[in-house]
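So the chains spell out like this:
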Amino acid sequence: MSERDDFYVGWEASMSAATRRFVRRVVVAAFAGATAIAGAIAALQAPFAAGVFEYGDEREFVGVVRETPAPQLVVSGPACTELCSARSAWLLARYGAKRGAAELVRGLDGRVVRLRGVLVYRGDQTLLDVVPGSVQAIGDAAGAPAPPAVAVELGERRLRGEIVDAKCHFGVMRPGSGKTHRACAARCIASGSPPLLWVRDAARGRELHLLLVGADGRALGRELLPWVGEAIEVSGRVVRRDDLLVLHAEPAAFRREARWAAR
Amino acid sequence: MAHAYRAVQWNPQKRAYDATLAAGIALYLALFVGAGFGLQPHATLETLLIRGFGTAALLLLHGILAIGPLCRLDRRFLPLLYNRRHLGVAMFALALAHAAFATIQFHALGDADPLASVLTANPRLDSASQFPFELFGAFALAVLFGMAATSHDFWLANLTPRVWKTLHMGVYAAYGALVLHVAFGALQAEASPALTGLVALGFAGVVGLHLAAGAREARADRQTVAAERDGWIELCHAHDIPERRARVFPIGGERVAVFRFDGKVSALSNVCKHQNGPLGEGRIVDGCVVCPWHGYQYRPEDGRSPAPFTDRVATYRVRVVGGRVWLDPRALPPGTPVEPAKIDV
């Protein structure tokens, strides 16, 4: 054995052959371990929902603005594109920000508008991300492509679900629910993105999205933040306007589920 | 050593170390994102990058924390320790990328300042299950920033080794906070118990290695001296100390490294002035005791680093009688010359 006894000194130009062999084995093992862990974590992630955000694909749409209880664009016929066959109420948000579209369509309730936007959709639910400055009123309600919707009362319901924001949950964020997304949903809802109660039947692979409004139909925002992203139970009156389900309920009557919120 | 500072004093080993580290990080991220898209067709690049950076940082931190005890248990791991701070800075960079991407993704472009939103968006401080995991991550990132920013020897010398070491022991607080960050965040959002198992396995590994290394140190500290006479204590036979190496003795709460070389014996404090490395686990090379951690050198006869360096450690008086090594347990001021004791048998 040499004086050095394979003693390693890092500031020297080289290490002994024995030390080098050992270090190589350790590095190979570390790389193999990191590879296995990267693959394992990637595989163990919960499935990502199949939402679509057509980022960058701005298109022109024509429809009737509905300002309350949350900004919507009622589209029908060819304006529906491939997403609806007859008539649909699309929730609106502001493209390029965590913002609602209230300012973009203020004063245009019932008016026919042409606007540019980017579609966000999940299943049969659609949100239109409106490009700021693109909204043009082109007619009044009389010239609307479809008559005003009739509200259909679906009665009092008790529903279990999670409060999400429409924009993220329909496809801008994946995942757009659960605890790690809670802060984002809170930010979006506080900034005017439409709040939804997301109700799902995992066993049957079905889900519903209901626009959450106050019992009197007023828009809800910041008062929902303590409840966002958690498993809750909500009792309220459900109304359908076009294909949009609206849940009238007061946050004071929300109840937390015992189990933790899951995606 | 305490002489002049350069940003990094590159040498071939250091270049190889950093190149291997960079390749490992790139490989991990590429595999994670690639496998993520391959296995999850609806995944988004933003989400995979946030998760990739975060998991890479946590995995690297496990490696960083394992290196210390591994070196105590098996000296062959020492080459990994020499540039460990490079791992630390890289780990901080990964954690910062994770935090920056997550902050932009989840908190920017809304109604509030993104950084304020990180701390306030989840108000459920009253809930164990819903507690805002972001707070643990922010705390850990702040600790890691303090360590990364002061990683250079410039700060070690100017903060003093004691303050610097205390600051850098904060890595354990950061690790604990990151485990909580993951436990209160991703593990609650994910469904697979195997992910919880992975985190638990990593935690158990870090704790287990530290306990094993600590047990070994404790065993070494339980050595008893053979005899005492006139204030001197008898340690061992001179030939019980390997040539150009040392045996370490716990003396009055301190560890003393007693070296044998060229038919002589000298005793120094076991604590390197650089980062408190164990000098007694070093070697005598070219007439100097060399610290196994970062190669700091001290002359055995006076505990001083060779010129132009100026570091000093405490020395002890020794003598050899009938082949037995005796030590005066009163430490002399750092750098005090002491004539090495000649081995008489």
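Caption draft 1: Highlighting the packing of helix α2 (residues 45-73) of chain B against helix α9 (residues 170-184) of chain B. All names here are of chain B. Viewed as axis vectors pointing N to C, α2 and α9 meet at an angle of 145°, and their least axial separation amounts to 11 Å. In this structure, α2 meets α9 at a crossing whose hand is left-handed. Listed contacts from α9 to Leu58, Leu61, His62 and Leu65 of α2 are Val171, Tyr172, Tyr175, Leu178 and Val182.

Caption draft 2: Geometry of helix α11 (residues 193-221) of chain B. Relative to the 42 Å expected for 29 residues at 1.5 Å per residue, α11 of chain B spans 41 Å between its end C-alpha atoms, a close match to the ideal helical length. Leu195, Val199, Gly202, Val206, Ala213 and Glu217 of chain B are the residues of α11 of chain B that are buried. Close packing links the buried residues of α11 of chain B with α1 (17-44) of chain A together with α2, α9, α10 (186-189) and β4 (254-261) of chain B. Residue Ser192 of chain B occupies the N-cap position of α11 of chain B, its side-chain oxygen lying 3.1 Å from the main-chain nitrogen of Ala194 of chain B.

Caption draft 3: Spotlight on the packing of aromatic side chains. Residue and element names in this part refer to chain A. The tally for this structure, following the rule as stated, stands at 14 aromatic pairs over all chains. With 5.4 Å between their ring centres and 80° between their planes, Trp227 and Phe254 make a pair best called edge-to-face. In this pair, Trp227 is assigned in the loop between β11 (206-213) and β12 (231-241) and Phe254 in the loop between β13 (244-248) and β14 (255-256), connecting sequence segments 27 residues apart. Exposure remark for Phe254: the relative accessible area of 2% places this residue in the buried category.

Caption draft 4: Representation of the interface of chain A and chain B. Counting from both sides, the interface comprises 58 residues of chain A and, opposite them, 73 residues of chain B. Carbon and sulfur atoms make up 62% of the surface buried where chain A meets chain B, a total of about 5700 Å² over both sides. Among the residues of chain A in contact with chain B, Phe7, Trp11 and Lys179 of chain A are the three that bury the most area, contributing 14% of the side total. On inspection of chain A and its partner chain B, the count reaches three salt bridges. The residue Arg124 of chain B makes a salt bridge to Glu230 of chain A at a minimum N-O spacing of 2.4 Å. At the level of secondary structure, the elements contributing two or more residues to the side of chain A that touches chain B comprise α1 and α4 (182-190) of chain A. Ranked by residues supplied to the side of chain A that touches chain B, first place goes to α1 of chain A with 15 residues. The class makeup of the residues in the side of chain A that touches chain B is 34 nonpolar, nine polar and 15 charged.

Caption draft 5: Representation of the packing of α1 of chain A against helix α1 (residues 12-39) of chain B. The geometry of α1 of chain A relative to α1 of chain B is characterised by a closest axis approach of 8 Å and an angle of 25° between their N-to-C directions. In terms of orientation, α1 of chain A and α1 of chain B fall into the roughly parallel class. In the packing of α1 of chain A onto α1 of chain B, the handedness of the crossing is right-handed. Facing α1 of chain A, whose interface residues are Val27, Phe31, Ala34, Thr35, Ile37, Ala38, Ile41, Ala42 and Ala43 of chain A, α1 of chain B presents Thr20, Ala23, Gly24, Leu27, Tyr28, Leu31, Phe32, Ala35, Gly36 and Leu39 of chain B.

Caption draft 6: A look at the sheet that holds strand β8 (residues 297-298) of chain B. Residues and elements named next belong to chain B. Pairing is antiparallel across the open sheet formed by three strands, whose spatial order is β6-β7-β8. Strands at the two margins of the open sheet, each flanked by one partner only, are β6 (283-285) and β8. Two elements, β6 and strand β7 (residues 288-290), share three bridges in a ladder whose sense is antiparallel. Counted as the bridge partner of Val285 is Cys288 from β7.

Caption draft 7: Broad picture of the nonpolar core. Ranked by internal contacts, the top residues of the largest apolar core, which has 68 residues, are Tyr28, Leu60, Met91, Leu94 and Phe259 of chain B. When neighbours within four sequence positions are excluded, Phe259 of chain B is seen to be in contact with Ile241, Arg245, Ala246, Lys264, Val265, Ser266, Leu268, Leu279, Gly280, Gly282, Ile284 and Val289 of chain B. If you look at the next biggest cluster of nonpolar residues, it comprises 26 residues, including Ala93 and Leu196 of chain A together with Ala102 and Phe106 of chain B.

Caption draft 8: Up close: the pattern of salt bridges. One pass over the structure, following the stated rule, counts 35 salt bridges over all chains. Put simply, Arg72, Arg75, Glu217, Asp221, Arg255 and Glu281 of chain B are held in one network by salt bridges that share partners.

Caption draft 9: Structural detail: the side chain of Arg51 of chain B. Inspection of the secondary structure puts Arg51 of chain B in helix α2. On the accessibility criterion, Arg51 of chain B (18% relative accessible area) is buried. Filtering out sequence-adjacent residues up to four positions away, Arg51 of chain B remains in contact with Gln45, Phe48 and Pro175 of chain A together with Phe32 and Glu190 of chain B.

Caption draft 10: Layout of the environment of Val164 of chain A. All names here are of chain A. Considering the arrangement of structural elements, one finds Val164 in strand β9 (residues 152-165). The class of Val164 is buried, set by a relative accessible area of 0%. Residues contacting Val164, with those up to four places away along its chain left out, are His169, Gly176, Ser177, Ile189, Pro194, Pro195, Leu196 and Trp198.

Caption draft 11: Structural detail: the domain arrangement of chain B. Residue and element names in this part refer to chain B. Looking at chain B, the domain boundaries give domain 1 (12-220) and domain 2 (227-342). Between domain 1 and domain 2, the C-alpha centre-to-centre distance is 38 Å. The contact between domain 1 and domain 2 buries some 1300 Å² in all, and 42% of this surface belongs to carbon and sulfur atoms. Interface area lost by domain 1 to domain 2 is led by Arg72, Arg75 and Lys165, which between them contribute 35%. The tally of links between domain 1 and domain 2 comes to three salt bridges. Between Arg75 and Glu281 there is a salt bridge, with its nearest N and O atoms 4.0 Å apart. Here domain 1 is connected to domain 2 by six residue pairs in polar contact (both at pLDDT 80 or more). Those elements that provide at least two residues to the side of domain 1 that touches domain 2 are α3 (78-81), α7 (153-159), α8 (161-168) and α11. Looking at the side of domain 1 that touches domain 2 element by element, the count peaks at three residues for α8. Of the residues belonging to the side of domain 1 that touches domain 2, the class tally is seven nonpolar, no polar and six charged.

Caption draft 12: Region of the structure containing the sheet that holds strand β11 (residues 324-327) of chain B. All names here are of chain B. Taken together, four strands build an open sheet; the order of strands is β1-β2-β11-β10 and the sheet is antiparallel. The open sheet terminates on both sides in strands that have one partner only, identified here as β1 (227-229) and β10 (318-321). Taken over all neighbouring pairs, the strand axes of this sheet differ in orientation by 35° on average, direction set aside. In the sheet, β1 pairs with strand β2 (residues 232-237) via three bridges, with the strands oriented antiparallel. Note that in β2 the partner of Glu228 across the bridge is Ile233.

Caption draft 13: Inspection of unusual backbone geometry at higher detail. Pro175 of chain A follows Arg174 of chain A through a cis peptide bond whose omega is 5°. Along the chain, the position of Pro175 of chain A falls in the loop between α3 (166-172) and α4. Of note, the amide linkage connecting Ala307 of chain B to Pro308 of chain B takes the cis form, showing an omega dihedral of 10°. With respect to the secondary-structure elements, Pro308 of chain B resides in the loop between β8 and β9 (315-316). One non-glycine residue, Asp230 of chain B, adopts positive backbone phi at about 55°. Along the chain, Asp230 of chain B turns up in the loop between β1 and β2. Positive phi is not limited to glycine here, since Asp262 of chain B has a value of about 50°. Note on placement: Asp262 of chain B falls in the loop between β4 and β5 (264-269). On the basis of relative accessibility, which here comes to 47%, the residue Asp262 of chain B falls in the partly exposed class.

Rules and cut-offs
Residues numbered from 1 in each chain as written. Chains lettered and ligands numbered in written order. Predicted model: local features only at pLDDT ≥ 70, side-chain atom pairs only at ≥ 80, totals over all residues. Heavy atoms only, no water. Axes fitted to C-alpha atoms, helices over the stretch in contact; angles between N-to-C directions. Helix = DSSP H or I, 4+ residues; strand = E, 2+ residues; numbered from the N terminus. Left-handed = near helix turned anticlockwise from the far one by under 90°. Contact = heavy atoms within 4.5 Å. Expected span 1.5 Å × (residues − 1). Buried < 20%, exposed > 50% of the residue type's maximum accessible area, 1.4 Å probe, protein only. Polar contact = N/O pair within 3.5 Å; in protein donor to acceptor, adjacent residues only side chain to side chain. Phe/Tyr/Trp six-rings, centres within 6.5 Å; stacked < 30°, edge-to-face > 60°. Buried area = accessible area lost by both parts, 1.4 Å probe. Salt bridge = Lys/Arg side-chain N within 4 Å of Asp/Glu carboxyl O. Nonpolar A, V, L, I, M, F, W, Y, C, P; charged D, E, K, R; others polar. Parallel < 35°, antiparallel > 145°, perpendicular 65-115°, else oblique. Pairing = 2+ DSSP bridges. Core = buried A, V, L, I, M, F, W, Y, C linked by side-chain atoms within 4.5 Å. Domains from an automatic or database assignment.

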